[in-house]
Amino acid sequence: MPRVTRRKPAKRGATKRGNTRKQTKQGFPYIACFIAILLIAFISYFVFAVDKPPVVQKQTTKSTAKTEETLPEMPQPKWDYVDILKTKEVKVDIPVEEKPTRPYQMQCGSFRNQSDAESLKAKIAFQGLNSIVKKTGNWYRVILGPYERKRLAEKQRHQLQRAKINGCQIWFWR
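Below is a summary of the structure that appears in this document. (Residues numbered from 1 in each chain as written. Predicted model: local features only at pLDDT ≥ 70, side-chain atom pairs only at ≥ 80, totals over all residues. Heavy atoms only, no water.)

### Observations concerning the overall build of the protein chain
Check the secondary structure of the protein chain and you find four helices and four strands. Across the protein chain, helices and strands are ordered from the amino to the carboxyl terminus as α-α-β-α-β-β-α-β. Out of the 174 residues belonging to the protein chain, those deemed buried represent 13%. Of all intrachain contacts in the protein chain linking residues separated by at least 6 positions in sequence, the fraction that spans at least 24 positions is 67%. Within the structure as shown, the protein chain displays about 18,000 Å² of accessible surface, and the carbon and sulfur contribution to it stands at 55%. (Helix = DSSP H or I, 4+ residues; strand = E, 2+ residues; numbered from the N terminus. Buried < 20%, exposed > 50% of the residue type's maximum accessible area, 1.4 Å probe, protein only. Contact = heavy atoms within 4.5 Å. Areas by Shrake-Rupley, 256 points an atom, 1.4 Å probe, with all protein chains shown as cover.)

Below is the structure:
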C-alpha cells in the first residue's frame with residue numbers, strides 16, 4: 001500500500017521561502033537617555049544655580065536699660081453732647097388706647113336643627129370654652145363671648161382651629 005502524506009494547509013500571508021519581513025533589533029535607547037539627562041540638568045540648574053535673595057540677619061543687640069513709657073495726656077473732648085444728654089429731658093407722647101364701644105362675640109356655627117348646634121357646643125366644651133346656643137328665627141347659632149377686646153376672641157378662635165373647629169367669625173355683640 002502506498003503511503004499517503006498529507007500536507008498542512010498553507011498559512012495566510014506566508015510564502016514558500018519564509019517570512020520576508022525583516023525583524024529590527026531592539027538596541028539601547030540612546031535618544032531617550034540623552035533627553036532625560038538634558039531634562040535633569042535643566043531642572044538642577046534652576047534649583048541650584050539661580051540666585052536666591054540674600055538672607056537678612058537681624059541684629060540681636062538689645063538695649064538692657066528699660067525705658068519707662070508714659071501715656072500721653074487724655075485729649076479733651078471736642079463734643080459737648082455728653083454733658084447736654086445728662087441734663088436733657090425727653091418728652092414722649094403716648095397715644096391713649098381707645099377702647100371699643102361695644103363688646104365682641106364669636107359665632108362658630110348656624111344650624112337649622114337644634115341637635116346639630118348642641119353637638120358643636122359639646123365639641124367646644126371639650127376645649128374648655130363656654131358657648132351658648134341662641135335661637136334667631138328658624139336658625140340656631142352657636143356663640144362664644146362677650147369679649148372686651150378682639151384679641152381675646154382671636155386667641156380662642158386659634159385654640160378652636162387647632163381642635164379642627166373652623167369657620168368661627170368675630171363680630172360686634174348684637
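Text resumes after the structure shown.
### Some remarks on the sheet that holds strand S3 (residues 139-147)
Strand pairs in the sheet, formed through backbone hydrogen bonds, run parallel or antiparallel to each other. Read across the open sheet, the four strands follow the order S2-S3-S1-S4; overall the sheet is antiparallel. With partners counted over all chains shown, the strands left at the sheet margins are strand S2 (132-136) and strand S4 (169-172), one partner each. This sheet shows a mean twist of 40° between the axes of neighbouring strands, independent of strand direction. As defined by bridge partners, S2 adjoins S3 across five bridges and the pair is classed as antiparallel. Within S3, the residue paired with Val133 across the bridge is Val142. Each of strand S1 (104-111), S2 and S3 touches helix H3 (residues 114-126); the most contacted strand, S3, lies at about 30° to it. (Pairing = 2+ DSSP bridges. Axes fitted to C-alpha atoms, helices over the stretch in contact; angles between N-to-C directions.)

### Focus: H3
Here H3 contains 13 residues, and its C-alpha end-to-end distance of 19 Å stays within 8% of the 18 Å for a straight helix at 1.5 Å per residue. Among the residues making up H3, those that are buried are Ala117, Leu120 and Ile124. With its buried residues spanning 65° around the axis, H3 presents them on a single face. Along H3, the residues that are exposed and aim more than 90 degrees away from the buried face are Ser115, Lys123 and Phe126. On the buried face of H3, the contacting elements are S1, S2, S3 and helix H4 (150-162). Note on H3: the residue one or two positions beyond its end, Gly128, has a positive phi of about 90°. (Expected span 1.5 Å × (residues − 1). Arc of directions from axis to C-beta.)

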